[in-house]
Amino acid sequence: MTESATTGAAAAQQARAADGFEDWLRAHMPDRGLSPKAAAVVEVLLSQPRRASYASTVELAQLAGVNVATVTRTAQALGFAGWPALQQELRARYLSSLSAPQVAAEHHGVAAPSSASLRRDLDSLALLNRRFDEEAIRTIAEAVAAARRTVVIADGSYAAVGMALSHNARIAGYEVVSVTHGDAELANTVATMRADDVLIAISFWRLYESTILAADEARSKGARVFAVTDAASPALAEAAERVLMVPAEGVAFFPSLTAGMAVVQALVAQLAAVDPARTSASVEQAEAAWARFGLLHRRPTPPEPTPERPAGDV
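Residues numbered from 1 in each chain as written. Predicted model: local features only at pLDDT ≥ 70, side-chain atom pairs only at ≥ 80, totals over all residues. Heavy atoms only, no water.

> Can you walk me through the overall build of the protein in this structure?
Of regular secondary structure, the protein possesses 16 helices and 5 strands. Partitioning the contacts of the protein with sequence separation of at least 6, the portion at a separation of at least 24 is 73%. Surface exposure of the protein reaches about 16,600 Å², of which carbon and sulfur atoms provide 55%. (Helix = DSSP H or I, 4+ residues; strand = E, 2+ residues; numbered from the N terminus. Contact = heavy atoms within 4.5 Å. Areas by Shrake-Rupley, 256 points an atom, 1.4 Å probe, with all protein chains shown as cover.)

> Can you help me understand helix α10 (residues 134-146) in this one?
For α10, which comprises 13 residues, the first-to-last C-alpha distance of 18 Å matches the rise-based estimate of 18 Å (1.5 Å per residue) to within 8%. Every buried residue belonging to α10 is among A136, I137, T139, I140, A141, A143, V144 and A145, and all of these are buried. (Expected span 1.5 Å × (residues − 1). Buried < 20%, exposed > 50% of the residue type's maximum accessible area, 1.4 Å probe, protein only.)

> What should I look at first to understand the pattern of salt bridges in this one?
Where charged atoms of side chains with opposite charge meet at close range, the side chains can pair. Under the defined criterion, the tally for this structure stands at 7 salt bridges. Ionic pairing is found between D197 and R148, a salt bridge with its closest N-O pair at 2.8 Å. With D197 in the loop between α12 (183-191) and β3 (198-203) and R148 in the loop between α10 and β1 (150-154), this residue pair connects regions lying 49 residues apart in the sequence. For R194, the salt bridge goes to D196, with nearest N and O atoms at 2.8 Å. With a relative accessible area of 41%, R194 lands in the partly exposed category. Within this structure, R148, R194, D196 and D197 form a network of salt bridges that share partners. (Salt bridge = Lys/Arg side-chain N within 4 Å of Asp/Glu carboxyl O.)

> Is there a simple way to think about helix α16 (residues 276-292) in this case?
Since the α-helix packs 3.6 residues into each turn, any two residues three or four apart lie on the same face. Taking 1.5 Å per residue, 17 residues should reach 24 Å; α16 reaches 24 Å between its end C-alpha atoms and fits that length. Buried residues of α16: T279, S282 and A286, and no others. The buried residues of α16 occupy an angular sector of 65° when the element is viewed end-on, so they sit on one face. α16 presents P276, A277, E284, Q285 and R292 as exposed residues on the side facing more than 90 degrees away from its buried surface. Looking at the buried residues of α16, the elements they touch are α11 (159-171) and α15 (258-274). (Arc of directions from axis to C-beta.)

What follows is the structure in structure tokens.
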């Protein structure tokens, strides 16, 4: 292991302790401290994370014995736009602390699971749209366009999101590879990264330690690091230049990939707009290659329409 990798491992171990829910929340405390009423709100978050994760602003205010405005001001004092933004990360962190059976138990008894899943995804897309960070998307797209190579880390069920990103980005004309087959492949790939490379870490629900190590190693080499996640852990956020927060809660034992897929599709659309001529040429080359390899289904040519005869013509 290289010296930078060893340093990254030590940093990951230290950051792992800081990824605890209480440590995460206290790390957001302002230096000047909180008012007694705001401290009461934080105490509810710490003592009743599950209940707070699903509570409305009114319900949380009642639990803390304060008014609704205090809940909003407390969230802002912790560095969030308001209670909905804080709650999104709070719930993601609460769910990430549970095992798969426990997550399934959280959603046990949901009537019509298929319909509930669709509604949850629609809600997540609406939330994503309200908080969409176009500047961050543009920054990442321009970084990928300028990079020698981009490495996308995505494992487990969300590997599909990383594969979609790398596949479409390559068609758009950029050298983007996804690493989805384990730590050995990841270590070998990151070992060859340079300062003119980019690393994008995609992680929902569970954050693998290997992802943190890879992000730290890439940053130590001077590469630009970005993250797409549902909860920005201190360990990953510290290594990443920008973090795209994506709602990923499902209604079963696994995270939803819908909002994550929408974000990477938006990223590729933005990437294609960076250099339209490059993307157009690359798409034409890909189309020609698909034809040469016989990958395209040849649809029969539709028959020419029969000309209509004038009225009275026999």
